[in-house]
Amino acid sequence: MIDVTALGELLIDFTPAGRSQQGNPLFEQNPGGAPANVLAAVTRLGKKAALISAVGSDQFGRALTEVIEGLGIDPSGIQVKEDAFTTLAFVHLNAAGDRSFSFARKPGADQCIETDAIDHALIDRCRIFHFGSVSLSAEPACSTTLDAARYAFEHGKLVSYDPNWRPALWNSTEQGIAGMKLGLPYTNILKLSEEELELLSGTADPEEGTKKLFCGAMKLIVVTLGPRGCFYRCGGQTGAYPTYQTTVIDTTGAGDTFWGALLCRLLDQPSCLEGDSQALADALDFANAAGSLCAAGRGAIPSIPTNEQIAALRFQSPLFLKKKPRQKTFRLF
């Protein structure tokens, strides 16, 4: 069995690494791509994972495949494209450590993932299927992603979706919103940032926005709130949990680490999605700790913490609410 199979982009993140003696900005080559980051967290926390993606037949593609293998992720679903270069993303950080992106992707190999080349056994054997919206921004990856998500959904897999808003990849905001919404019908668990919540629901209020989006086969929606933690909706239950104080260096991959950690806990505690608010609270606290530790390092995959590091942070700075809240809804902001 595979615990989590993900489909989507595998790319190089060039992250800021100071300046040269001449004063020019330096960039460090790091493996990246949101689905790959999620799987890196999954394997670092002791679960089995497989990736369906595409890279170019170039030095970056070879380096990324080696990284995936080194992380213990099954690389058999990675397609190698002779006619497309491995996608490159340049990360720009502001004073607070928050990032924006520029892409070298015209086309990038991640846009060229083809349905006919997918080994559906990687989906048949998994417990959770995860995908994101970056691969919905261009063909043939868009059709391939939706076909795979539909296949997983119809075959009873728990389907996880991250509508990862990257405005540089869409011709307009309207096109991006329409594209991100394509994945919602096949989603059981949904991860959103505050910006993505507002784009998809039309409101920035987590209570109202998640209520609008919670339909069909949806079981859980989580809205990440950066230094304020996260908000969740699970059936009729809603609530918010604080996160851990850390010195933020680079937020790249922090949300993916949060999500990978949460998927691991959902695998260990299926009751999280069945009304067990205490188990869900523990899972969200675990994920908050993982995301905080990642943001305290530089680069996405290199900064993903281990179970031991997460446990140490939770022990040193306990935030988990030990008592089950009586209210149906509680808010911390």
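Treat the numbers as computed from the prediction; the structure is a model and nothing was measured.

Rules and cut-offs
- Residues numbered from 1 in each chain as written.
- Predicted model: local features only at pLDDT ≥ 70, side-chain atom pairs only at ≥ 80, totals over all residues.
- Heavy atoms only, no water.
- Helix = DSSP H or I, 4+ residues; strand = E, 2+ residues; numbered from the N terminus.
- Core = buried A, V, L, I, M, F, W, Y, C linked by side-chain atoms within 4.5 Å.
- Buried < 20%, exposed > 50% of the residue type's maximum accessible area, 1.4 Å probe, protein only.
- Contact = heavy atoms within 4.5 Å.
- Salt bridge = Lys/Arg side-chain N within 4 Å of Asp/Glu carboxyl O.
- Expected span 1.5 Å × (residues − 1).
- Arc of directions from axis to C-beta.
- Phe/Tyr/Trp six-rings, centres within 6.5 Å; stacked < 30°, edge-to-face > 60°.
- Lys NZ or Arg CZ within 6 Å of the ring centre and 35° of its normal.

Cis geometry is found at the peptide bond from Lys106 to Pro107, where omega equals -10°. Considering the arrangement of structural elements, one finds Pro107 in the loop between strand E7 (99-104) and helix H3 (121-124).

Considering soluble globular proteins, one finds that nonpolar side chains tend to be buried as a cluster. Counting residues in hydrophobic clusters, the biggest one holds 55 residues, and the most contacted among them are Leu51, Leu220, Val222, Leu262 and Leu284. Per element, the largest residue contribution to this core is nine residues, and it comes from helix H9 (residues 277-295). Once residues within four sequence positions are removed from consideration, Leu220 is found in contact with Asn188, Ile189, Leu190, Phe214, Tyr232, Arg233, Cys234, Leu262, Leu266, Leu273 and Leu280. Core analysis: the next-biggest nonpolar cluster, separate from the first, contains 40 residues, Ile2, Leu146, Trp165 and Leu225 among them.

Turning our eyes to something else, we now look at the pattern of salt bridges. A complete count under the given rule lists 12 salt bridges for this structure. The partner of Asp110 in a salt bridge is Arg105, with the nearest N and O atoms 3.1 Å apart. Judged by relative accessible area, Arg105 falls into the buried class, the value being 10%. One salt bridge connects Asp282 with Arg314, and the closest N-O pair in it is separated by 2.8 Å. In this pair, Asp282 is assigned in helix H9 and Arg314 in helix H10 (residues 307-316), connecting sequence segments 32 residues apart. Per residue, the accessibility class of Asp282 equals that of Arg314, and both read buried.

Take helix H2 (residues 59-70) next. The end-to-end C-alpha separation of H2 is 16 Å, in line with the 16 Å expected for 12 residues at 1.5 Å each. Within the span of H2, buried status applies to Phe60, Gly61, Leu64, Thr65 and Ile68. Angular distribution of buried residues about the axis of H2 spans 135°; they occupy a single face of the element. Exposed and oriented more than 90 degrees from the buried face of H2 are Gln59, Glu66 and Gly70. Elements in contact with the buried residues of H2: strand E2 (11-19), strand E3 (25-32), helix H1 (34-44), strand E4 (49-56), strand E5 (73-81) and strand E6 (88-93). Directly after H2, the chain includes Gly72, whose backbone phi takes a positive value near 85°.

This part covers the packing of aromatic side chains. Across all of its chains, the model carries eight aromatic pairs by this definition. Both rings, one in Phe129 and one in Phe131, keep their centres 6.2 Å apart while their planes meet at 25°; by these two values the pair is stacked. Residue Phe129 is classed as buried on the basis of its relative accessible area of 0%. An angle of 70° between the planes, with centres 6.2 Å apart, marks the rings of Phe153 and Tyr186 as edge-to-face. Separated by 33 residues along the polypeptide, Phe153 in helix H4 (residues 141-154) and Tyr186 in the loop between helix H5 (173-181) and strand E10 (189-193) bring together distant segments of the chain. Given the relative accessible area of 17%, Tyr186 is considered buried. Linked through ring pairs, Phe14, Phe27, Phe60, Phe85 and Phe90 together constitute an aromatic cluster. One cation-aromatic arrangement involves Arg265 over Phe286; the distance from NZ or CZ to the ring centre is 4.0 Å.

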